[in-house]
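Results of the structural survey
Read off the chains here:
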Amino acid sequence: MKTNGINWPEGFVPGFSDNYCSNEVIVAGLSTQDIWPLLNTPSLWPTYYQNSANARFYDNKGPELAQGARFYFETFGFPVEAQVTEYLAPEAGEAARVSWHGWAGEVGSDDRLDVLHAWLIEDLSDNRVRILTQETQNGKPAVELASAKPNPMINGHQDWLDGLVAAAKARK
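Residues numbered from 1 in each chain as written. Predicted model: local features only at pLDDT ≥ 70, side-chain atom pairs only at ≥ 80, totals over all residues. Heavy atoms only, no water.

**Considering helix H4 (residues 152–171)**
Stated formally: Only DSSP runs of H or I covering at least 4 residues are called helices, and only runs of E covering at least 2 are called strands; the numbering of each starts at the N terminus. The span one expects for a helix is its residue count, reduced by one, times 1.5 Å. Whether a residue is buried, partly exposed or exposed follows from its accessible area with a 1.4 Å probe, protein chains only, as a fraction of its type maximum: under 20%, in between, or over 50%, in that order. Each polar contact in these results corresponds to two N or O atoms within 3.5 Å; when the atoms are within protein, one needs to be able to donate a hydrogen and the other to accept it, and residues that are neighboring in sequence are counted only if both atoms are side-chain atoms.
Under the 1.5 Å per step criterion, the end-to-end length of H4 is 28 Å for 20 residues, consistent within 8% with the ideal 28 Å. Turning to H4, its buried residues are Met153, Gly156, His157, Trp160, Leu161, Gly163, Leu164, Val165, Ala167 and Ala168. Its side-chain oxygen placed 2.9 Å from the backbone nitrogen of methionine 153, asparagine 151 serves as the N-cap of H4.

Right, here's the structure in full:
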């Protein structure tokens, strides 16, 4: 079976960034349609993921993500400004995708952090869904996060996936 992968923009390709993490779950009994509304609506994130807070949109956009939408949220102790860089809502036979470039700190400063956080959700055979989330990071905070044990990004994103799946199951 062929599965899909993340589309990485220049500057954020894993292996050429300061930090990278990947988390994935495959769950029976759920579909992309069950997962998408919970991921696509940042104001819902704190209801199932404790490491997310204060999501809001700019330019009278929202409450759902969309191509090019600018938004803000807080996670891992960072205030994150973000902009959606890839957005493909669920369609039959196609993987749903959403990615955003997020940043914190001033350009050129030691505390500057740039990330690309990508999600891919696809229906699999036998009523299963695959949820893949990957993130690359650049900047001094990313270098520090990469060497932290246990890895806060891997653990935090797993919490996000686990919460997303539990919330989707609770809605069924």
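**So, the pattern of salt bridges**
The line we're drawing: Take a side-chain nitrogen of Lys or Arg and a carboxyl oxygen of Asp or Glu: if they are within 4 Å of each other, that pair is a salt bridge.
Tallied over the full model, the rule gives five salt bridges. Measuring nitrogen to oxygen at the nearest pair gives 3.3 Å for the salt bridge that ties aspartate 34 to lysine 172. Of this pair, aspartate 34 sits in helix H1 (residues 32–39) while lysine 172 sits in the segment after H4, and the two are 138 residues apart along the sequence. Take lysine 172: its relative accessible area is 62%, and that puts it in the exposed class. In this structure, arginine 112 and aspartate 114 form a salt bridge, with 2.9 Å as the shortest nitrogen-oxygen distance. The two residues arginine 112 and aspartate 114 agree in class, both being buried.

**Some remarks on the side chain of glutamate 135**
What counts, and what does not: His is not counted, nor are the chain ends, whereas Lys and Arg count as positive and Asp and Glu as negative. Residue contacts are defined here by distance: any two heavy atoms, one from each residue, within 4.5 Å place the two residues in contact.
For glutamate 135, the location among the structural elements is in strand S7 (residues 128–138). Of the side chains bearing the opposite charge, arginine 112 lies closest to the buried glutamate 135, which forms no salt bridge; the N-O distance is 13 Å. At a separation of 2.7 Å, a polar atom in the side chain of glutamate 135 contacts the side chain of glutamine 137. At 3.5 Å, the side chain of glutamate 135 forms a polar contact with the side chain of histidine 157. If we ignore the near neighbours within four places in the chain, the residues touching glutamate 135 are Trp8, Asn19, Tyr20, Cys21, Val115, Leu116, His117, Met153 and His157.

**Here we look at the nonpolar core**
Definition in use: For our purposes a nonpolar core is just a set of buried Ala, Val, Leu, Ile, Met, Phe, Trp, Tyr and Cys residues, chained together by side-chain atoms within 4.5 Å.
Core analysis: the largest hydrophobic core is formed by 31 residues, its most contacted members being Trp45, Phe71, Trp100, Trp119 and Ile131. Among the elements that line this core, the one with the most residues is H4, at six residues. Phe12, Ala118, Leu120 and Leu132 belong to the second-largest nonpolar core, a separate cluster that totals seven residues.

**Some details on unusual backbone geometry**
A cis amide bond links glycine 62 with the next residue in sequence, proline 63, at an omega value of 10 degrees. In this fold, proline 63 is placed in the loop between strand S2 (53–57) and strand S3 (70–75). Notably, aspartate 126 is not glycine yet its phi reads approximately 60 degrees, a positive angle. You can call aspartate 126 exposed: its relative accessible area is 67%. Even without being glycine, asparagine 127 reaches a positive phi, approximately 60 degrees.

**Remarks on the packing of aromatic side chains**
Aromatic ring pairs are reported here in terms of the distance separating the ring centres and the angle at which the planes meet. For clarity, the threshold we go by: Aromatic rings from Phe, Tyr and Trp, with only the six-membered ring used for Trp, were paired whenever their centres fell within 6.5 Å, and each pair was classed as stacked if the ring planes differed by under 30 degrees, edge-to-face if by over 60, and tilted otherwise.
The tally for this structure, following the rule as stated, stands at 13 aromatic pairs. On the numbers, 5.2 Å between centres and 25 degrees between planes, the contact of tryptophan 45 with tryptophan 100 is stacked. Separated by 55 residues along the polypeptide, tryptophan 45 in helix H2 (residues 45–48) and tryptophan 100 in strand S5 (residues 96–104) bring together distant segments of the chain. In terms of burial, tryptophan 45 and tryptophan 100 fall into one category: buried.

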